[in-house]
Amino acid sequence: MSKKILIAILIVIVTAVFFIFLGVKKTGGAGVPANRVSSRSLLNQARQFEAKGSLLEEKNVYQRLVNDFPESPDVAGWQKKAEDINIKLLFSPVITPKSITYQIRPGDTLNKIARGHKTTAELIMKSNHISDSLIVPGRKLKIWNAPFSILIDKSQNTLLLKSDEEVIKTYIVSTGKNNCTPVGTFRITNKLLNPTWFKAGAILPPGSAENVLGTRWMGFDLAGYGIHGTTEPKELGKQVTQGCVRLSNSDVEELYSIVPPGTEVTIVD
């Protein structure tokens, strides 16, 4: 073999090795982009933020884990963690991108402030750790300022609480047997604490073992249908109702405190 051919072969080999090395460097080694942090590193960051009580930063890290590693067997746990932090943020004074600071004015009431910002007095109280409805002019309050919406998936028996399209929390529900829960877009028009159930031929008071409405009722602009609690928590996740959507009492109480009248509810098959 001539010297020129050997030199040409060496040049090809060196060039190939160079480009292979360059490609590995760009992907961070084992096929991972150099600008992509490992899941282990992100989990360490999340734990550090948790130890500091930095809820917003901790939530953002878990959301990044969900987005960057969707095939991980741990993704459901990360999503659950992010949603748990979302509720903690809702019920804390921490200002988020979806909230504002409001200074109480003379003549204000919690209900008036809530109506003006399309939220609930209960959420304002929980967010600001207020134990009663008495408020003082000049005090500053955290107000959630992004609209809520609800998406109910009958095939999964889940209810998604959303705000500006971000999923805040996923709830397990029961829907209508024989797929009888109506499909479409509705509005919550009325809300009742400890509702009485006016069943055909009977009036069942709150607390009655036969009153299936549980501790809360949120009625739709479709007569007879709504979201409520349950006396049968073991049936959650199934299609067993007369058409309404049931949650556990603890979940419906939480949701009731968050969503105001007028909230859009979309139900899909």
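Look a little higher up for the structure.
Residues numbered from 1 in each chain as written. Predicted model: local features only at pLDDT ≥ 70, side-chain atom pairs only at ≥ 80, totals over all residues. Heavy atoms only, no water.

(A) Structural view of the nonpolar core. If you look at the biggest cluster of nonpolar residues, it comprises 28 residues, and the most contacted ones within it are Ile150 and Ile227. Secondary-structure elements contributing two or more residues to this core are helix H4 (75-90), strand E3 (148-153), strand E4 (158-163), strand E5 (166-172), strand E7 (184-193), strand E10 (216-220), helix H7 (249-258) and strand E14 (264-268). By residue number, the principal contributor to this core is H7, which donates four residues. Not counting chain neighbours up to four residues away, the residues in contact with isoleucine 227 comprise Ile150, Ile152, Leu159, Arg216, Trp217, Met218, Phe220, Val245, Leu247 and Val252. Membership of the second largest hydrophobic core comes to 13 residues, among which are Leu43, Leu55, Leu65 and Trp78. (Core = buried A, V, L, I, M, F, W, Y, C linked by side-chain atoms within 4.5 Å. Buried < 20%, exposed > 50% of the residue type's maximum accessible area, 1.4 Å probe, protein only. Helix = DSSP H or I, 4+ residues; strand = E, 2+ residues; numbered from the N terminus. Contact = heavy atoms within 4.5 Å.)

(B) Quick look at the environment of leucine 65. Examined against the element boundaries, leucine 65 turns out to sit in helix H3 (residues 55-68). The exposure class assigned to leucine 65 is buried, which follows from its relative accessible area of 0%. As for leucine 65 and serine 39, which are separated by 26 residues in sequence, their C-alpha atoms are 6.5 Å apart. Contacts of leucine 65, omitting those with residues within four sequence positions, involve Ser39, Leu42, Leu43 and Trp78.

(C) Here's a closer look at the packing of aromatic side chains. Applying the stated criterion across every chain, the model contains three aromatic pairs. Ring geometry for phenylalanine 69 and tryptophan 78: centres 6.5 Å apart, planes at 75°, overall edge-to-face. We note lysine 126 situated over the ring of phenylalanine 91; from NZ or CZ to the ring centre the distance is 5.1 Å. Directly above the aromatic system of tyrosine 256 lies the positively charged group of lysine 191, at a separation of 4.3 Å from the ring centroid. (Phe/Tyr/Trp six-rings, centres within 6.5 Å; stacked < 30°, edge-to-face > 60°. Lys NZ or Arg CZ within 6 Å of the ring centre and 35° of its normal.)

(D) Examining the environment of asparagine 190 more closely. Position of asparagine 190 among the secondary structure elements: in strand E7. Separated by 31 residues in sequence, asparagine 190 and aspartate 221 have C-alpha atoms that sit 8.6 Å apart. When sequence neighbours within four positions are dropped, the list of residues in contact with asparagine 190 reads Trp217, Met218 and Gly219. At a separation of 2.9 Å, a polar atom in the side chain of asparagine 190 contacts the side chain of tryptophan 217. (Polar contact = N/O pair within 3.5 Å; in protein donor to acceptor, adjacent residues only side chain to side chain.)

(E) Expanded view of the pairing of E4. Of all the six residues making up E4, five are buried; the element is thus mostly covered by neighbouring parts of the structure. With six bridges joining them, E3 and E4 adopt antiparallel strand pairing. Bridge pairing in E4 links serine 149 to lysine 162. Taken together, E3 and the strand that follows it, E4, pair antiparallel across an intervening segment of four residues, in which asparagine 157 is found at a positive phi of about 55°. Pairing of E4 with E5 involves six bridges; the strand directions are antiparallel. Across the sheet, the residue bridging to leucine 159 is tyrosine 171, located in E5. Remark: two residues form the turn of the hairpin made by E4 and E5, two consecutive strands paired antiparallel; aspartate 164 in that turn has positive phi of roughly 50°. (Pairing = 2+ DSSP bridges.)

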